[in-house]
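So the chains spell out like this:
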Amino acid sequence: MKAESKLSRLVLVSPWPLLIFLVIPLLVILNVTLHVRLPLVGSATSLLINNVCFALFAAIRLFRYCTGMRKSVRYGAGCCRPRQGVTLPLPVAEVQTLLGKAGYSFDASGRYCEQRDIGYLGTTVMYGGLFILLAVGSWDNLRQFSGVLLDGMGPATNLNKVESYLRIKKGSLTGNPVSLPRMQIISQSLPGSTYPKGATEVALTAEDGKAQKFTLIPGEPVSYGTFDISMAKLVFQPRIVIKTRDSKTLFDEFVMLDPLVQKRGVYSFYGLFQGVNLGGGVYYQPEKSTLLVVFSGGDKKVVADMTFQVDQQVLQGDYILSCSKMGQWSEIHVVHRRHKGLLMAGGIIAVIGLLLRVAIRPQRVWLEEAPEGCVVRVVGKEAIRVLKLSV
């Protein structure tokens, strides 16, 4: 029975088991910062399982503390009893009377008492906030949907089709979306004074044929039902062909050009050659459709510029360069909206509860009969004041 009591306190009261649920988040952080493969964090599943278990653990403790709210004795004599005590030259009954007048409540044995304190409420509130934070976060992960697609001006794209996306991430309880519209890009605005990062005007058409027009700007998502639709950036995709003078093809592929954080001269987009030993990449100035191609040709660095749809071929040293096609795309993100308000509320509630618990300590007293009078063990300063103890 004593071992069972210790196990019960370990599960329901002790703060140490909470550290177990910090192991996997810590490994995830180390995995990201150190760029190494650590055990238990090979996928997001381990973190989700950890958070679900943490939510259940918080729910059990929340229930335990809620049931104790109305009790006069909440903590109980078996938990955190001090080893050191002070002997008073007073009988136990007299000490009980003094503590009773000071607002202490005794258990059935009469040898333990405590005051009702707001710190207990703080612990309850903390576990309530943790449960909201973890339960809502876990539910959002199970129901998450996040898709990325590249789209340009032309026919409408059905956002309900998985095939429309370059990358897609779904939770375990998420099926294919059925409530998303068809999206047609009407126009694309290059980065400028009006839209520093560019913009995309789209028409979103629902199943009933009702259409709405929006201007998507990076960092400003548009709400559509339970989803957020946003533009991340404009990207360009020229098809670069590099041949030697004897017609040997060194490169013939599309190159993805992303916005530069800071312009290099007049060029605001850049992309690397992928999967080849050329090194270098392509710079692009969309305002004048000017391309700057940089690569390693043997021991020499080759630099060539051309204008799309003006220069059919460019001869540079021993190489012939051309660009026959150019894709202009908007990178669109479609994300199932998370319950950010509830997550923030849960976090704030948990912090408030923790601060209450830290600021307001329990006031508890254990009494034992002794030949010299009464041995008193106390937690908190109130009993020291009431009994005028010298500790």
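Shown above is the structure to which this text applies.
Residues numbered from 1 in each chain as written. Predicted model: local features only at pLDDT ≥ 70, side-chain atom pairs only at ≥ 80, totals over all residues. Heavy atoms only, no water.

Engineer: What exactly am I supposed to notice about the packing of helix H3 (residues 44-68) against helix H5 (residues 118-142) here?
Structural biologist: For any two helices packed against each other, one specifies the inter-axial angle together with the distance between the axes. Packing of H3 against H5 leaves a shortest axis separation of 8 Å and a crossing angle of 150°. The pairing of H3 with H5 is recorded here as roughly antiparallel in orientation. Viewed along their axes, H3 and H5 form a crossing whose handedness is left-handed. (Axes fitted to C-alpha atoms, helices over the stretch in contact; angles between N-to-C directions. Helix = DSSP H or I, 4+ residues; strand = E, 2+ residues; numbered from the N terminus. Parallel < 35°, antiparallel > 145°, perpendicular 65-115°, else oblique. Left-handed = near helix turned anticlockwise from the far one by under 90°.)

Engineer: Teacher, can you tell me more about the sheet that holds strand S2 (residues 105-106) here?
Structural biologist: The strands making up a sheet associate through hydrogen bonds between their backbones, and the pairing can be parallel or antiparallel. Strand order across the open sheet formed by 5 strands is S1-S21-S20-S3-S2, with antiparallel pairing between neighbours. Strands with a single pairing partner mark the edges of an open sheet, and in this sheet they are strand S1 (86-88) and S2. As paired elements, strand S20 (residues 364-370) and strand S21 (residues 373-379) share 7 bridges and run antiparallel to each other. From the neighbouring strand, glutamate 368 faces S21, where its bridge partner is valine 375. The sheet contacts of helix H4 (residues 92-101) involve S1, S2, strand S3 (112-114), S20 and S21, and relative to S20 the element is tilted by about 165°. (Pairing = 2+ DSSP bridges. Contact = heavy atoms within 4.5 Å.)

Engineer: When you look at the packing of aromatic side chains in this model, what are you seeing that I'm missing?
Structural biologist: What characterises a pair of aromatic rings is the spacing of the ring centres plus the angle enclosed by the ring planes. A full pass over the atoms with the stated rule returns 14 aromatic pairs. Arranged with centres 5.4 Å apart and planes meeting at 50°, the rings of phenylalanine 21 and phenylalanine 57 form a pair that is tilted. Note that phenylalanine 21 is positioned in the loop between helix H1 (2-12) and helix H2 (23-34) and phenylalanine 57 in helix H3, a separation of 36 residues in sequence. Since its relative accessible area comes to 12%, phenylalanine 21 is described here as buried. Owing to a relative accessible area of 13%, phenylalanine 57 belongs among the buried residues under this scheme. Ring geometry for phenylalanine 295 versus tyrosine 319: centroids 5.2 Å apart, planes at 85°, classification edge-to-face. With phenylalanine 295 in strand S16 (residues 290-297) and tyrosine 319 in strand S19 (residues 319-336), this pair connects stretches of sequence that are 24 residues apart. Side by side, phenylalanine 295 and tyrosine 319 carry an identical accessibility label, which is buried. Within the aromatic cluster, the residues linked to one another by ring pairs are Tyr65, Tyr75, Tyr120 and Tyr127. Over the aromatic face of tyrosine 65 sits the side chain of arginine 64, whose NZ or CZ is 4.9 Å from the ring centroid. (Phe/Tyr/Trp six-rings, centres within 6.5 Å; stacked < 30°, edge-to-face > 60°. Buried < 20%, exposed > 50% of the residue type's maximum accessible area, 1.4 Å probe, protein only. Lys NZ or Arg CZ within 6 Å of the ring centre and 35° of its normal.)

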